[in-house]
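# Chain and residue survey
For reference, the chains in residue letters:
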Amino acid sequence: MLSNKTIIRISALIGVISWTFLVVTDLVILFSKLNDTHSGIPDYAPVILLITLILSIFHLFKFHLKETDSVNILDLLWRVFVTGLVATIISLVVDLLFFALGSSKIVENPLLINFFYHVKMGTILIFLISTFIVWKRFVLYQKSRSLIRMWQIFEYTLFASLFFLFLDYHTLDLLFNIILSVLVIMGIVLSVNLKWVAYLNFKQKWKSILLILLVILYLWYFLSKIIDAAYDYGQIIEINLIENASILALFAFIFIYAVFSLLVILFNLPTSSVFEQKLEEVINFQRLSQSRYTGQNEDQIYDILLESTVSAVMANAAWLEIQNKDSSKRNMTWKITNEKIEIVKKNLNTDKIKNILSTDPVRNIRANRFTASLNDPDFKSLLVFPLYVQNRQIGTLFLLKDVNDGFNKDVIEIIKTFVNQACISIENFRLLEEAIENERYKEELKIAKRVQKSLLPERLELNEDFKIAALSKAADEVGGDYYDTYRLDQDRFIMIIGDVSGKGTSAAFNMSQMKGVFHSLVHLDLSPQDFLHNANRALSRCLEKTSFITATYLKVNTSDKSIEFARAGHCPTLYYRASEKKGYYFKEKGLGLGILRNDNFSNYVSKTRINYESDDVLVLFTDGLTEAKNSLGEQFGYERLKTYIEQNAYKSPEKLQGDLIEEIFKYCGISYPDDDYTTMVIKFI
C-alpha cells in the first residue's frame, strides 16, 4: 500500500506531465492545421491527456485533504479562496501581458494564444477540482450510508461524463444536455446537506459569507473567460471546456452549493447568538461536572460557577459570598467592588433577602423566590441563589442586572442547574479529598505501626533459671504499651513494662521516648527506685503536661534467686507461688512518670524484694487486660486474672499467655481489644 504522501507526489508528477504533453500535442496539431499538413497524432490523444490531467488533480487534492483531516471549516474555505486567488492572478497576468503587447503581431500568433489558453485552463481546473473536494467534505460533514451512496453515484457519473469527449458534441447535442441536466439535479439534491453551518459561531459565519461570495465571484470570472475563449478562439483550440459536460457540471454544482450555503448562513445569523449561548452553557455545565476529575480545587469550581452564570444570564455584575470552614466569609467578585457590594446590600429589602437566603433552590423553583428589585443607580434587579452541601449552606451567589425584572423563569432554571452541579462537584471534591486524606492517614499509620513494632524487642533475654513470654497488641494501628528486657551480666536481668496514657500516634510517640530513656539508664545498674526517679526526671522534660507513663521495673538475680521491683503507678504485679498454689498482687506505692515533675517523686516510689522458687510465675500486664468488659459492662478484673493463673500455672509461659488472651476475648465476646494490652509472663525453673 502506497502512503498518502507518495500518492500526492505521483499525482502531482502525472498532472505536470499530462498538462505538458497536452500543451505540446495541441500545439503540434494546431501547427499542422495552419500549415495544412498531417501531424500524425490521433484525434483522441488530447482527450486522453485531458482526462488524465483531471484525474491526477482530483487525486492530488483528495489525498492532500486526507493528510490534513483535522482542518476546520473556515480553514477549508480559506484554502478555496487562496486557490481561486492564485488562479485569478495567473489569468490576470496573462491578460495584462496581452494588453501590454497591444497591437503587436505576436498577440495574434495562434500558437501563443493556444499556449496561454492552456495555462488558464490548467489553473481553472485546479480551482474547480480543489473546490469540488472541499464541497465534498462539507456535504459529508455528518454522513450517513444513504448520503455516501448518493455522493458516490454523483461522483462516478461526473467522471463517466468525461468520456463523452470521445464523441462528437455537435451530433449528440441532446445526449449532452441530458447528462448535464442529470448532474445538475444530483448536485442540487446534494447541496441541501449543510449541517456544518450550525457549528459556526457568529464571527465565523460572517467570515464564511465573505469567502463564499469570493468563490462565487471566481466562478463568474472563470466561466466568463471560458465562454470568451470559446467564442474568440474556438477555431484554434483543441480542448474547449464549454463543450465538456463534466466541467460545466462542476461549475454548476460549486455555484449551487455556494449559493445554498450563503442563504443558509444568512438565515442562521439571527439565531447564532442564542445557539452560542446555549452551547456555552453546555460547555460550562460540563466543566463543572468534570471539575473533580481535572485536579481543580474548590476555588476553581467557584470561579467556573461565577463565570458560567454571568455568561448564561448576561449579568452586569456578580459576586459569590463564600463561607469558610472557620465560619468567616469572603467574596469572589466580577465587575463589582467590595464597597459597592455593601451599598447594594443596604439597598436590599431585608425581609426579602432573608426569605431568599432561607430557601433551598433544590426543593423550590418558584422564580419569585430568588429575585429582588433594587433601588440603586447602577443595578435594578438581583438574583440570589444559596449553595448547599449536605444540608449546610456554603455560599451565596448574587447576580445583578441594570434593568428591572432582568431575570425570567428560564434564566433561573439555568442558574439552578449550574448551582446544583457546582454543589455536587464541591461535595464530591470534599469527599474525594477526605478519602485521599484517610488513605494518607492509613498509610502513615502503617508506617507508624512498622516503626513501633521495631521499638519492641525482637528477642527477649533468657536464662536457664527462667522462661519468659511477652505479647503486645494495640487497639488502633499503633498504641502506647511497652516492654523490654536487658542483661546486666550473667546472673542479673532487667525487665520493664510500661503503659503510656492515651492511644494512637501520640501514645506511640511517647512510648518511643520511654524506650530511649530505658536504654539510656539501664546500663548504669541503678536500683529500681533510682531508675524510676531518673526516668521521671528525663521524661518530665519531654512529655506533654497532660501525658504520663506508668511502669514496673524489675531486676532479677538468678545467683541468689531474688527479684527487686518498683512500681510507677502501674498495674499491680501478680505473683504465683507454686508452693502455696496461690497468687498475690504486690501493690506497693508508686506514681506515674511525668505526673510529679520534681525531686519529690522519689517519696512516692517504694521498692519490693522477694525470693522466687521453682515453678513460681510472675505476670506483668497493662490495664487493657483487667479492664476488658463484657456486654454487661463488667470488667474481667483482677480476681478473674488471679484465679485463671492459679488454675493454669502449670502451663509454659507461651501457652499460659495465649490461653489467657483467648479467655479474656471469650469473656468479652469480642475478637479484638478495645484498648491496648500487653503481657509478660515469667516462669522460674
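Residues numbered from 1 in each chain as written. Predicted model: local features only at pLDDT ≥ 70, side-chain atom pairs only at ≥ 80, totals over all residues. Heavy atoms only, no water.

Look at helix α16 (residues 637-648) against helix α17 (residues 653-668): their axes get within 11 Å of each other, and the N-to-C directions meet at 140°. Between α16 and α17, the interaxial angle falls into the category oblique. Of the two possible hands of crossing, α16 and α17 adopt the one that is right-handed. In this structure, α16 contributes R640, L641, Y644, I645 and N648 to the contact, and α17 contributes L656, D659, L660, E663 and Y667. Split by residue class, the contact of α16 with α17 holds six nonpolar, one polar and three charged. (Axes fitted to C-alpha atoms, helices over the stretch in contact; angles between N-to-C directions. Helix = DSSP H or I, 4+ residues; strand = E, 2+ residues; numbered from the N terminus. Parallel < 35°, antiparallel > 145°, perpendicular 65-115°, else oblique. Left-handed = near helix turned anticlockwise from the far one by under 90°. Contact = heavy atoms within 4.5 Å. Nonpolar A, V, L, I, M, F, W, Y, C, P; charged D, E, K, R; others polar.)

Turning our eyes to something else, we now look at the nonpolar core. Formed by 80 residues in total, the largest nonpolar core has its most connected members in F127, L128, F132, W135, F138 and W196. Of all the secondary-structure elements, those providing two or more residues to this core are α1 (4-34), α2 (45-67), α3 (73-101), α4 (110-139), α5 (145-160), α6 (173-190), α7 (202-233) and α8 (245-290). No other element matches α4, which puts 15 residues into this core. In terms of nonpolar packing, the next biggest core, distinct from the first, is built from 47 residues, F466, Y482, I549 and V556 among them. (Core = buried A, V, L, I, M, F, W, Y, C linked by side-chain atoms within 4.5 Å. Buried < 20%, exposed > 50% of the residue type's maximum accessible area, 1.4 Å probe, protein only.)

Moving on, we get to a nonpolar patch on the surface. Side chains of Y44, I48, F163, F166, L167 and L175 sit close together on the surface and give an oily, nonpolar patch of about 570 Å² of accessible area. With respect to the helices, strands and loops of the structure, F163 is situated in the loop between α5 and α6. (Patch = residues over 30% accessible without salt bridge, like charges linked within 9 Å, V, L, I, M, F, W, Y side chains within 5 Å. Areas by Shrake-Rupley, 256 points an atom, 1.4 Å probe, with all protein chains shown as cover. Salt bridge = Lys/Arg side-chain N within 4 Å of Asp/Glu carboxyl O.)

On to the sheet that holds strand β2 (residues 329-334). Reading across the sheet, the five strands line up as β2-β1-β5-β4-β3 and stay open at both edges, with antiparallel pairing between neighbours. Looking along the sheet, the strands with just one partner apiece sit at the ends: β2 and β3 (371-373). For this sheet the average axis-to-axis angle between neighbouring strands, irrespective of direction, equals 20°. Bridge count for strand β1 (residues 317-323) against strand β5 (residues 392-401) is six bridges, and the pairing is antiparallel. Its bridge partner being in β5, A317 is matched across the sheet by L400. Across the sheet, helix α9 (residues 298-313) touches β1, β2, β4 (381-389) and β5, and the angle it forms with β2 is around 40°. (Pairing = 2+ DSSP bridges.)

Scored by pLDDT, the protein chain has a mean of 86; 91% of the residues are at 70 or more. Note on residues 361-368: pLDDT under 50 across the span, and 17 contacts to partners over four residues away in sequence or across chains. (pLDDT = per-residue confidence, 0-100.)

Before going further, it helps to spend a moment on the environment of Y231. The topology assignment puts Y231 in helix α7. Accessibility expressed as a relative area gives 71% for Y231, which makes it exposed. Along the primary structure Y231 and S311 are separated by 80 residues, whereas in three dimensions their C-alpha atoms are 60 Å apart.

Our focus in this paragraph is the sheet that holds strand β14 (residues 617-621). Spatial ordering of the open sheet is given by β6-β15-β14-β11-β12, a layout of five strands whose pairing is antiparallel. Taken across any chain shown, the strands that pair with only one partner, and hence form the sheet edges, are β6 (466-473) and β12 (582-586). Taken over all neighbouring pairs, the strand axes of this sheet differ in orientation by 15° on average, direction set aside. Inspection of the sheet shows strand β11 (residues 573-577) paired to β12 by five bridges, in the antiparallel sense. If you follow R577 over to β12, its bridge partner there is K582. Its contacts with the sheet place α16 against β11, β12 and β14, and it is angled at close to 140° to β12. Packed on one face of the sheet, α17 meets β6, β14 and β15 (677-684) and runs near 35° to β6.

Bringing the packing of aromatic side chains into the picture now. Throughout the structure, instances matching the rule amount to 35 aromatic pairs. Consider the rings of F202 and W206, whose centres lie 6.5 Å apart with planes at 80°: the pair is edge-to-face. Here the residue F202 and the residue W206 both occupy positions in helix α7, the gap between them amounting to four residues, near one helical turn. Exposure remark for F202: the relative accessible area of 37% places this residue in the partly exposed category. Taking the centre distance of 5.3 Å and the plane angle of 85° together, the rings of Y585 and Y638 count as edge-to-face. Taken together, the residues span a long stretch of sequence, with Y585 in strand β12 and Y638 in helix α16 at a distance of 53 residues. Exposure remark for Y638: the relative accessible area of 34% places this residue in the partly exposed category. What links up through ring pairs into an aromatic cluster is the set F58, F132, W135, F138, W151, F154, F159, W196, F253 and Y257. For the cation-ring pair, K401 lies above F407, with the distance from its terminal atom to the ring centre recorded as 6.0 Å. (Phe/Tyr/Trp six-rings, centres within 6.5 Å; stacked < 30°, edge-to-face > 60°. Lys NZ or Arg CZ within 6 Å of the ring centre and 35° of its normal.)

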